[in-house]
Amino acid sequence: MELKHYLDRLGALDLSKMYNGDFFLTWEKSDDEIEAVFQVADALRNLRERNISTKIFKSGLGVSLFRDNSTRTRFSFTSACNLLGLCVQDLDEGKSQIAHGETVRETANMISFMADAIGIRDDMYIGKGNSYMHEVADALTEGYQSGVLEQKPTLVNLQCDIDHPTQCMADMLHILHEFGGAENLRGKKLAMSWAYSPSYGKPLSVPQGVIGLMTRFGMEVVLAHPEGYEVMPETLGVAQKNAQKTGGKFSVTNNMAEAFAGADVVYPKSWAPFAAMEQRTKLYEAGDGDGIKALEKELLGQNAAHKDWSCTEAFMKTTRDGKALYLHCLPADISGVSCEAGEVDASVFDRYRTPLYKEASFKPYIIAAMIFLAKCKNPAGTLKALEARARNRAFVE
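Let me sum up the structure you'll find in this document. In this text the structure is predicted, and so the values were computed from the model without any measurement. Each residue is numbered by its place in its chain's sequence as written, counting from 1. Note on the predicted model: pLDDT of at least 70 is required for a residue's local features to be given, and 80 or more for side-chain atom pairs to be given and counted; whole-chain, interface and lining totals, by contrast, use all residues. The basis for every side-chain value is the complete set of non-hydrogen atoms in the structure, without hydrogens or water.

Some points on the overall build of the protein chain
Step number 1: Counting its secondary structure elements, the protein chain contains 16 helices and 11 strands.
Step number 2: A globule of 397 residues ought to have a C-alpha radius of gyration of about 21 Å, and the protein chain, at 21 Å, matches this closely.
Step number 3: Considering only C-alpha atoms, the protein chain reaches an extent of 55 × 55 × 45 Å along its principal axes.
Step number 4: For the protein chain, buried positions account for 56% of its 397 residues. Going along the chain from the N terminus, every DSSP run of H or I of four or more residues is numbered as a helix, and every run of E of two or more is numbered as a strand. Taken over C-alpha atoms, the radius of gyration is set against a globule rule of 2.2 Å times the number of residues to the power 0.38. Only protein chains enter the accessibility calculation, which uses a 1.4 Å probe; a residue whose area is less than 20% of its type maximum is buried, one above 50% is exposed, and one in between is partly exposed.

Things to note about the pairing of strand 8 (residues 265-268)
Step number 1: Going residue by residue along strand 8, you find Val265 and Tyr267 tucked away on one face and Val266 and Pro268 tucked away on the opposite face as well.
Step number 2: DSSP-based pairing: two strands are paired if at least 2 bridges between them are found. Direction of pairing for strand 5 (residues 189-193) relative to strand 8: parallel, over a ladder of four bridges. The residue bridging Leu190 from the neighbouring strand is Val265, located in strand 8.

Regarding a nonpolar patch on the surface
Step number 1: The grouping of Met110, Phe113, Met114 and Val148 at the surface amounts to a nonpolar patch, some 410 Å² of accessible area in total.
Step number 2: Note that Val148 resides in the loop between helix 5 (129-145) and strand 4 (154-160). Within the patch definition used here, like charges are joined within 9 Å and nonpolar side chains (Val, Leu, Ile, Met, Phe, Trp, Tyr) within 5 Å, considering only residues with over 30% relative accessible area and no salt bridge. With residues, only the protein chains shown are counted as cover, and all accessible areas are computed by Shrake-Rupley using a 1.4 Å probe. Salt bridge, as used here, is a side-chain nitrogen of Lys or Arg placed within 4 Å of a carboxyl oxygen of Asp or Glu.

What to know about unusual backbone geometry
Step number 1: Across the junction of Leu330 and Pro331, the peptide omega takes the value 0°, indicating a cis bond.
Step number 2: For Pro331, the location among the structural elements is in the loop between strand 9 (325-326) and strand 10 (334-335).
Step number 3: Positive phi outside glycine occurs at Leu330, with the angle close to 65°.
Step number 4: Within the element layout of this structure, Leu330 appears in the loop between strand 9 and strand 10.
Step number 5: Positive phi, normally seen in glycine, also occurs at Ala390, with a value near 50°.
Step number 6: Note on placement: Ala390 falls in the segment after helix 16 (379-389).

Regarding the packing of helix 2 (residues 31-49) against helix 6 (residues 165-179)
Step number 1: Angles shown run from 0 to 180 degrees and are taken between the N-to-C directions of axes, each axis being a line fitted to C-alpha atoms and, for helices, limited to the stretch in contact. Look at helix 2 against helix 6: their axes get within 11 Å of each other, and the N-to-C directions meet at 70°. Considering their axes alone, helix 2 and helix 6 lie roughly perpendicular with respect to each other. Along the contact surface, helix 2 presents Ile34, Val37, Phe38, Ala41 and Asp42, while helix 6 presents Met169, Met172, Leu173, Leu176 and His177.
Step number 2: Tallied by class, the residues present in the contact of helix 2 with helix 6 amount to eight nonpolar, one polar and one charged. Each angle is binned into one of four classes, with values under 35 degrees roughly parallel, values over 145 roughly antiparallel, values of 65 to 115 roughly perpendicular, and all other values oblique. It only takes one pair of heavy atoms within 4.5 Å for two residues to be counted as in contact. Each residue is assigned to one class: nonpolar for Ala, Val, Leu, Ile, Met, Phe, Trp, Tyr, Cys and Pro, charged for Asp, Glu, Lys and Arg, and polar for all the others, Gly among them.

What to know about the sheet that holds strand 1 (residues 61-66)
Step number 1: With respect to topology, four strands assemble into an open sheet ordered 2-1-3-4, the strand pairing being parallel. In this open sheet, the two strands that pair with only one neighbour each are strand 2 (87-90) and strand 4. With strand direction ignored, the average angle separating the axes of adjacent strands in the sheet is 20°.
Step number 2: As judged from the six bridges shared by strand 3 (residues 115-122) and strand 4, these two strands associate in the parallel manner. Across the sheet, the residue bridging to Arg121 is Gln159, located in strand 4.
Step number 3: This element, helix 5, spans strand 1, strand 3 and strand 4 of the sheet and lies at about 170° to strand 4.

Here's what the structure looks like:
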């Protein structure tokens, strides 16, 4: 009956543009397409929990390219591909011909002869990551249309300089489960807050992705950060437009206490100032190592001036009934554990450890759903067929 609910919802959605498509930014997708990812993710999880295989491929390759360190997203992509029947190969640029000047167009085609999905994480430099992903996708489309490739691989944004769609959609699916559905989110307050970290240069894509997605559900979303820690201006525009469309609210404050007061959901997370990240990109392009070191020293000092921006027990007590849902993309900088002072008190983190792990557990299914919707012309029909086929995922005596 639970699976039938997901299939009925899918049948009512317009998914025509998702077939053979890619997934770059959440705000480029329609409300129907966003809901479809959630419905398919839940459906795939439902089937796996019942020991029903969800493999829609008997062969094929998922290619992963990570230009930044990763644990959760890397394993989530591998798990998602395996869930659907694909094996995974990492593209190590240092061991490829890219180091010898191979073009993006050539690399994209050479790795894709039997690839059905490509996941890319490129979040280090402003103006680079998302553009690179589009360049790869364009090369794949051209390769398919010209007959070089037998199929067009689906490109999934595993985090860029603008958005982290797989993370934010996993966060949102966790919220939907915790609050019992989208109909219960209208008017709920979510605080996306900067928090102190003793490290420098954390990407802006998580806070930008959060305000770009959570504002689509009629929530009151508050972005909080000290002066000087602004995000990309265009993402503020996306959030404001979403809030106006859904009857929600979006605001920005330089006061963490104001953001936490009465909040139903809190997401305290460090990020680097947009202006500083732009500057860092220019310094790397110029090969200015001394300039990069000077910028890092400056930003670490700037961070240290805001150690009071931390998710403490005192701040948590000011949230709705003192029990706001605490979110983090992990790993968190935990005061007294992973660092002397950081984003969150150890007691707060420990109390929410199990919910945090549950939050992370949605990501493989979100990624699998993105690939599934791009590869299945009739997603509901395919899910129904998988259930009817009822092949055991694991042998059970």
